[in-house]
Structure formats: C-alpha cells, structure tokens
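Understanding the architecture of this molecule
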Amino acid sequence: MTSKQYILGALTALLFASCSDDEKVVLKYADEGDTGGPNPITQTLKEKAKFKIGAAVKMKDLQNEANYKNAVLKHYNQITGEFEMKMASIWTSSTAYNYTAADYLVGFAQDNKMEVHGHTLVWYDSFPEWFKKAQYDSIAFEAKVKIYITDVVGRYKGKVKSWDVVNEVFADGGAMRNETVINSLFKDPIGFYGRCFRYAKAADPDAKLFYNDYSVVMDAGKRTSIKKMVARFKANGVPIDGVGDQFHYATDTNRQTMKTGFTDLASTGLLIHISELDIKVNTGKSDSYVFNDVENQKQAETYKYIAAMYEELPQTQKFAISTWGVTDKYTWLTSFWHFKEYPLLLDADYNKKPAYQGFLDGLK
Ligand code: 9MR
C-alpha cells in the first residue's frame, strides 16, 4: 500500500452496493489523515469501548519486541496468556508449578493497569503429560484438579479478574466430547465441571467465572447443550458468571446465523465474552491468495458487524471483546491453518488495518 489516498476500485464499489449503509466501512490505513469524523482514526479501541478490549499475548513477544509491547499497551486494556496460564504450562509435575510466565503476564498487566482474563483452568487439551499418565481414578483425579484450581486461582486472587474455568467440553453438534478422559472417569461430567466452578469461586470469590467454547453462536446443537448446562448450574447454585464464544470466524461466516445465535446465547442473562476473536479472510484456502482492498473491506465490515452486534447486548451483559493475538505477524492460524492469513486488527508492521476502523465504527 503506497498511496495514502485510498481510491477504492470497481470491485469495492460492487461490494458497497451489496451491503446496507450501516455495514459500510470507509477504508483507512494507519497513517492516513484524520478526517475528524465521529470515529477519528486516532481514537483507540480501548478509548472508545465501554467494555474491555482484550488481546491474547505471549510473554516472549512482550519481552522481545518493543513494537509488539507498545501495540498491546496502546490498543488494549485486558490481556490473556495465549498459552502461559494453561494447565500444561503451569503444572509441570505432580508436586511442582512453574509460574514464571504467568507471573510475568500478571505483573505486566498490573504495572500497566490492565485486566487479566485467565485462560484456562480445565481443558482436556491442556492436561499435562504426567497427569494423563498417572491414570487417576475419579476421586484422585478430582482431588488433584481441586488442588490445582485452588492454588492457581488463589495465587492470583484479586489480580486475575476473570477465568475460563472450563474450556471446550462439547463436540460439534452438542454431544459431550469423547477425547476427554473426564467422560470416561465421571458418570456425570457436568457435575464435575460444576464443582470446578465452585473450587474457583472458593479460591477467589470476586473473580468472574466463565465457560468458554468455539462456534457457540453458529452451532445450534452445541449452544443448546451449553444452555442446558448453564440452566442446571443456575438451578444448583453453581457460580457461573459468563459464557465465552471464541469467535474464530471468517468473512464468509453467515451473519444472520451469527446474530440469531448471539441473541439466543444472550438469553442466558450471563455475561457474554467474545473471547478469541479473529476473522479469517482466505476463505478459499488458496496459496495464491492476495489480501487486497476488497478483502480488507470485507474483513472491516465483519469486524464492524460483530462489534455492533455486541453493543446490542444489555449493558449488564457486556464484559469484553478479546482478539486472539495482536498482529497478523503472529497468529495461531499460520501454524494451524497452513494458509496465508491476515485475521487480526494490526498488520505485520503494527499499522491499524481497515479491520481496526471497522471495529471502531461498530462501537457505540
Ligand atoms: O493459540 C494457542 C496456541 O498458541 C497454543 O499452542 C494452543 C495450545 O495451547 O492453544 C491455542 O489457543 C487455543 C485456545 O487456548 C482455545 N481455543 C482455541 C485456540 C486456538 O487453537
């Protein structure tokens, strides 16, 4: 992008013609002049939003790259460890914890007056190897998990504002996942998960406690299972405060389905966290994909749509929108997805993308 005067091409005009006025985003790039409109480009997301704007961060990038650190400080007021606060990172053996990275992130947040969203206490995919090998029975297994939750939540009491207590319990369609040992160990896995929330609450009564999963608003079957679990938790006094939908979606994700699902999820009355937001653009999974103006535009409109949809929540249910990463330079998708991807709000040089402006425009 060399020209600062962005003249949108014919394709973009076509795209404009196909979307309603309130979906349009005027493409702007980082160093373009401020037009002084209602959303001056100089305003940051955290300055405009009336809820937290979070990012998943990595300790190493914060330590090693000043631009990365500055971007986090400039745009965000909440952080989540991308992996540093997971069980596999902290619980190094049956008798030892390694808190080096988690302490660093919590200290960084405190120094800079940011909130920390802890991710995640119980996730089948992050049980440490030693723990899996131990082959505990259900009593020993739960006793160990209780100690872990009590120790970790207790250590960061008052410092970690919120926790994903349980992550990704349901498979696509809504059945219980069969990868997790919890299903074979416990006759009533949901009962076990409910007790995990109680252990977390006992360790820090003020922390906000979340269930987190992906495709919650897009997968009606999964959402039904989650709502059933939430209803059971509420009926039994299990202390759940919120639900997170990760929002690893794409520019071609069906927006009507998204909105219908979002409204349905909000009917739980709980806090709603858009917890791992990123928007894939290379939907054709092509190696020759070019992230051009038209593609930027589509992504900006998707971010705008999501932010505006979130704003429609009752104020009491707003918690945070957190992106899963900071810059297109580093995204989990390039290792996992194996295609060129540009899913975040800042480009590889830490410039604001049109997506950033889209997000801003969607905010009230
Ligand atoms: O992005 C995370 C990646 O860096 C880690 O290696 C991986 C395993 O810990 O987890 C990724 O984050 C996942 C998150 O914890 C749960 N939702 C899906 C995320 C992307 O896979």
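Residues numbered from 1 in each chain as written. Predicted model: local features only at pLDDT ≥ 70, side-chain atom pairs only at ≥ 80, totals over all residues. Heavy atoms only, no water.

A word on the side chain of Glu 82. As for its position among the elements, Glu 82 is in the loop between β2 (78-81) and α5 (87-90). No salt bridge is formed by the buried Glu 82. Its closest oppositely charged neighbour is Lys 58, at 4.2 Å. With sequence-adjacent residues up to four places away left out, Glu 82 is seen in contact with Ala 56, Val 57, Lys 58, Trp 324 and Trp 332. (Helix = DSSP H or I, 4+ residues; strand = E, 2+ residues; numbered from the N terminus. Buried < 20%, exposed > 50% of the residue type's maximum accessible area, 1.4 Å probe, protein only. Lys, Arg positive; Asp, Glu negative; His and termini not counted. Salt bridge = Lys/Arg side-chain N within 4 Å of Asp/Glu carboxyl O. Contact = heavy atoms within 4.5 Å.)

The subject of this paragraph is the site of the ligand. Taken together, Glu 82, Lys 86, His 119, Trp 123, Asn 167, Glu 168, Gln 246, His 248, Glu 276, Trp 324 and Trp 332 make up the full set of residues adjacent to the ligand. Between Gln 246 and the ligand, the recorded distance is 3.0 Å, taken from a side-chain N or O atom to a nitrogen atom. Side-chain polar atom of Glu 276 to a nitrogen atom of the ligand: 2.7 Å apart, as the coordinates give it. The residue makeup of the shell around the ligand, split by class, is 3 nonpolar, 4 polar and 4 charged. (Near = heavy atom within 4 Å. Polar contact = N/O pair within 3.5 Å; in protein donor to acceptor, adjacent residues only side chain to side chain. Nonpolar A, V, L, I, M, F, W, Y, C, P; charged D, E, K, R; others polar.)

In this section: the UniProt feature "active site" (unreviewed entry) in the protein. UniProt marks Glu 276 with the feature "active site" (unreviewed entry), using the numbering shown here. With respect to the helices, strands and loops of the structure, Glu 276 is situated in strand β8 (residues 271-280). Excluding residues within four positions of it along the chain, Glu 276 makes contact with His 119, Asn 212, Asp 245, Gln 246, Phe 247, His 248, Ser 322, Thr 323 and Trp 324. (UniProt positions renumbered as here; feature names shortened; annotations may be inferred.)

Turning next to the pattern of salt bridges. If you walk through the whole model with that rule in mind, you get 13 salt bridges. Lys 132 is the partner of Glu 129 in a salt bridge, and the nearest nitrogen-oxygen pair spans 3.2 Å. Of this pair, Glu 129 and Lys 132 both sit in helix α7 (residues 129-134), separated by 3 residues, roughly a single helical turn. Of the residues examined, Lys 132 reaches a relative accessible area of 43% and is grouped as partly exposed. Via salt bridges that share partners, Arg 223, Lys 227 and Asp 264 belong to a single interconnected network.

Both faces of β2 are covered, namely the face carrying Gln 78 and Thr 80 and the face carrying Ile 79 and Gly 81. Sheet topology note: the strand β1 (residues 52-57)/β2 ladder contains 4 bridges and is parallel. Directly across from Ala 55, in β2, lies its bridge partner Ile 79. (Pairing = 2+ DSSP bridges.)

A few words on the nonpolar core. Judged by nonpolar contacts, the single largest core of 100 residues is most densely connected at Leu 121, Val 122, Ile 149, Trp 163, Tyr 211, Phe 247 and Phe 359. The leading source of residues in this core is helix α10 (residues 189-203), at 8 residues. If near-sequence neighbours (up to four positions away) are discounted, Tyr 211 is found in contact with Val 166, Glu 168, Val 169, Phe 170, Phe 197, Ile 226, Met 229, Ile 240, Gly 242, Val 243 and Gly 244. (Core = buried A, V, L, I, M, F, W, Y, C linked by side-chain atoms within 4.5 Å.)

In this structure the tally under the stated criterion is 29 aromatic pairs. With 4.9 Å between their ring centres and 5 degrees between their planes, Phe 291 and Tyr 342 make a pair best called stacked. Taken together, the residues Phe 291 in the loop between β8 and α13 (293-311) and Tyr 342 in the loop between α14 (332-336) and α15 (354-362) connect sequence positions 51 residues apart. A cation over a ring is seen here: Lys 280 above Trp 337, with NZ or CZ 4.7 Å from the ring centre. (Phe/Tyr/Trp six-rings, centres within 6.5 Å; stacked < 30°, edge-to-face > 60°. Lys NZ or Arg CZ within 6 Å of the ring centre and 35° of its normal.)

The next subject is the environment of Gln 110. Relative to the elements of secondary structure, Gln 110 occurs in helix α6 (residues 100-111). On the basis of relative accessibility, which here comes to 43%, the residue Gln 110 falls in the partly exposed class. Spatially, the C-alpha atoms of Gln 110 and Lys 159 are 7.5 Å apart, while their sequence positions differ by 49 residues.

By the element assignment, Thr 251 lies in the loop between β7 (248-250) and α12 (255-266). When the C-alpha positions of Thr 251 and Thr 283 are compared, they lie 7.5 Å apart, and in sequence the two are 32 residues distant. Sequence-distant contacts of Thr 251, that is, excluding residues within four places in its chain, are made with Ile 279, Lys 280, Val 281, Thr 283, Lys 298, Gln 299 and Thr 302.

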